[in-house]
Amino acid sequence: MTFVEDVLSGRASLDDIYAYRDRWDETEGDGVEYHAFLGLRWPEYAMYVEDDDVLGHVVEARRRGGQDLRTYLASRKDVSPRLAELWSLGERYAEEWACCAGDLGVSAAPP
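Bear in mind the structure is a predicted one, so any value in this text is a computation, not a measurement. (Residues numbered from 1 in each chain as written. Predicted model: local features only at pLDDT ≥ 70, side-chain atom pairs only at ≥ 80, totals over all residues. Heavy atoms only, no water.)

(A) Up close: the side chain of Asp 6. If you trace the backbone, Asp 6 turns up in helix H1 (residues 3–9). With relative accessibility at 7%, the residue Asp 6 sits in the buried group. Residue contacts for Asp 6: discarding those within four places in its chain leaves Met 1, Arg 11, Ala 12 and Tyr 20. (Helix = DSSP H or I, 4+ residues; strand = E, 2+ residues; numbered from the N terminus. Buried < 20%, exposed > 50% of the residue type's maximum accessible area, 1.4 Å probe, protein only. Contact = heavy atoms within 4.5 Å.)

(B) Inspection of the packing of aromatic side chains at higher detail. Throughout the structure, instances matching the rule amount to five aromatic pairs. On the numbers, 5.6 Å between centres and 90 degrees between planes, the contact of Tyr 34 with Tyr 45 is edge-to-face. Placement of the pair is Tyr 34 in helix H3 (residues 34–38) and Tyr 45 in helix H4 (residues 42–50), with a sequence separation of eleven residues. The same class applies to Tyr 34 as to Tyr 45, namely buried. Seen in terms of ring centroids, Tyr 45 and Tyr 48 are 6.2 Å apart; in terms of plane orientation they differ by 45 degrees. Their pairing is tilted. Note that Tyr 45 and Tyr 48 are positioned in helix H4 at a spacing of three residues, about one turn of the helix. An aromatic cluster is built from Trp 24, Tyr 34, Trp 42, Tyr 45 and Tyr 48, whose rings are joined through pairwise contacts. (Phe/Tyr/Trp six-rings, centres within 6.5 Å; stacked < 30°, edge-to-face > 60°.)

(C) Here's a closer look at the environment of Val 4. With respect to the helices, strands and loops of the structure, Val 4 is situated in helix H1. We classify Val 4 as buried; its relative accessible area is 3%. For the pair formed by Val 4 and Arg 62, sequence separation is 58 residues and the distance between their alpha carbons is 8.4 Å. Among all residues touching Val 4, those that are not within four sequence positions of it are Leu 38, Gly 39, Leu 40, Val 58, Val 59 and Arg 62.

(D) How the structure looks around helix H2 (residues 17–27). Residues of H2 that are buried: Ile 17, Tyr 20 and Trp 24. When H2 is viewed along its axis, its buried side chains cluster within an angular range of 55 degrees and face the same direction. Counted as exposed and oriented over 90 degrees from the buried face of H2: Tyr 18 and Glu 26. Elements that come into contact with the buried residues of H2 comprise H1, H3, H4 and helix H5 (54–63). Two residues or fewer past H2, Glu 28 is found with a positive phi of approximately 55 degrees. (Arc of directions from axis to C-beta.)

(E) Spatial organisation of the pattern of salt bridges. According to the stated counting rule, one finds eleven salt bridges in the structure shown. For the salt bridge of Asp 6 with Arg 11, the shortest nitrogen-to-oxygen distance reads 3.0 Å. As a salt-bridge pair, Asp 51 and Arg 82 come within 2.5 Å of each other at their nearest N and O atoms. Remark: Arg 82 occurs in helix H7 (residues 81–91) and Asp 51 occurs in the loop between H4 and H5; sequence separation between them is 31 residues. For Asp 51, a relative accessible area of 15% gives the class buried. For Arg 82, a relative accessible area of 26% puts it in the partly exposed group. (Salt bridge = Lys/Arg side-chain N within 4 Å of Asp/Glu carboxyl O.)

Laid out in structure tokens, this is it:
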């Protein structure tokens with residue numbers, strides 16, 4: 001199970017991400033990239049690195065029919081200035097979204 005799946009099922013909270021990082025470090029990822037270990041697409045992870053508020057929105061996107069963050073933000077960017085700001089951040093990664101469309105946690109090599 002990934003971090004996002006564990007949060008969705010109630011086995012973990014957003015605050016537990018640091019424990020998942022420690023677990024990934026201890027296993028040296030077992031050949032899995034960190035973003036995939038977390039259950040994030042590459043651009044979702046890149047956005048999270050810039051703004052940790054992204055993580056809660058990724059989880060909410062998955063709750064809404066397994067959406068990726070970009071799809072979720074596109075449908076909600078007019079709801080609040082914060083969501084519009086995150087949409088703008090996501091658009092900076094437009095090429096990366098194209099690389100990983102449909103692949104949860106698996107993408108082309110990061111830039």
